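Chain and residue survey
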Amino acid sequence: VMDELIDKSDFYDLKRSGRFLVAELLTPHQVLSTSVCGGGLRDDVCFLVNHQSCEGSGHESRFEVIHALSEEEYHQQVCDEVKLDANGVALTGTAANVNYAAWVGETHRELRVCAVVMAGGEGNAGCAGDPASWHEEDANWVKRHPHEGTINTMLLINWPLTPGAMARAVVTMTEGKSAALRDLAIS
């Protein structure tokens, strides 16, 4: 599958290729990430990768492969598949189809912000305080709740932010996501 350029700026290239959505950071950035491997606040990330790890349902064989690997092994496997150095990748995964990723870029004077969102909209409108879906015990995951899903967001900003401003951006992004789910009446 050929790379499809989704968005381009002086600071990043955003491409879709098969099951992968990849933002290559062309200039040094601070990255705040929930990536299981190397997540947190970092300044050495070169690529943001969101990938379709499996199908939304009926893909038990892939689920078994994913859970047979450690988090580090899975991170490395995905990075090998997309041919990137795992040390410079902030990685997220989803069952949502990468072809349906929504993105919007806005510019005001010298500020450019691009939001890329991947989600399924049927059962993942959970919010803080909802019952947990999974419980980890003795290195095994036990399903606790019938609803599952992810809503992954890449927010690319061409302007350096303080850690506090990055935290505020995440809060505002989450409020926007919650408002969108409410407006769409997704229970």
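We now turn to the structure provided with this report. (Residues numbered from 1 in each chain as written. Predicted model: local features only at pLDDT ≥ 70, side-chain atom pairs only at ≥ 80, totals over all residues. Heavy atoms only, no water.)

Scanning the chain from terminus to terminus reveals 3 helices and 12 strands. Considering the chain as a whole, with its 187 residues, one finds that 32% of them fall into the buried category. Taking the contacts inside the chain whose residues are at least 6 apart along the sequence as the reference set, 59% of them involve residues at least 24 apart. Counting only carbon and sulfur atoms, one obtains 55% of the accessible surface of the chain, whose full area is about 11,700 Å². (Helix = DSSP H or I, 4+ residues; strand = E, 2+ residues; numbered from the N terminus. Buried < 20%, exposed > 50% of the residue type's maximum accessible area, 1.4 Å probe, protein only. Contact = heavy atoms within 4.5 Å. Areas by Shrake-Rupley, 256 points an atom, 1.4 Å probe, with all protein chains shown as cover.)

Along the chain, Asp-7 turns up in strand 1 (residues 4-8). Among the residues examined, Asp-7 registers a relative accessible area of 8% and is labelled buried. Within polar-contact distance, the side chain of Asp-7 engages the side chain of Tyr-12 at 2.5 Å. Non-local contacts of Asp-7, meaning those with residues more than four positions away in its chain, are made with Tyr-12, Asp-13, Leu-14, Trp-103, Arg-112 and Cys-114. (Polar contact = N/O pair within 3.5 Å; in protein donor to acceptor, adjacent residues only side chain to side chain.)

To continue, consider the sheet that holds strand 3 (residues 20-25). The sheet built from 5 strands is open, its strands ordered 1-2-3-6-7 with mixed pairing. A strand with exactly one partner marks an edge of an open sheet, and here the two such strands are strand 1 and strand 7 (89-94). Across the sheet, the mean angle separating the axes of adjacent strands is 15 degrees when strand polarity is ignored. Pairing of strand 6 (residues 47-52) with strand 7, which is carried by 6 bridges, proceeds in the parallel orientation. Directly across from Val-49, in strand 7, lies its bridge partner Leu-91. Its contacts with the sheet put helix 2 (residues 71-81) on strand 3, strand 6 and strand 7, and the angle it makes with strand 7 is roughly 95 degrees. (Pairing = 2+ DSSP bridges. Axes fitted to C-alpha atoms, helices over the stretch in contact; angles between N-to-C directions.)

So, about the environment of Thr-27. Along the chain, Thr-27 falls in the loop between strand 3 and strand 4 (31-33). Residue Thr-27 is classed as partly exposed on the basis of its relative accessible area, which comes to 27%. Put simply, Thr-27 and Phe-11 are 16 residues apart on the chain and 5.5 Å apart in space, counted from C-alpha to C-alpha. Excluding residues that lie within four positions of it along the chain, Thr-27 makes contacts with Asp-10 and Phe-11.

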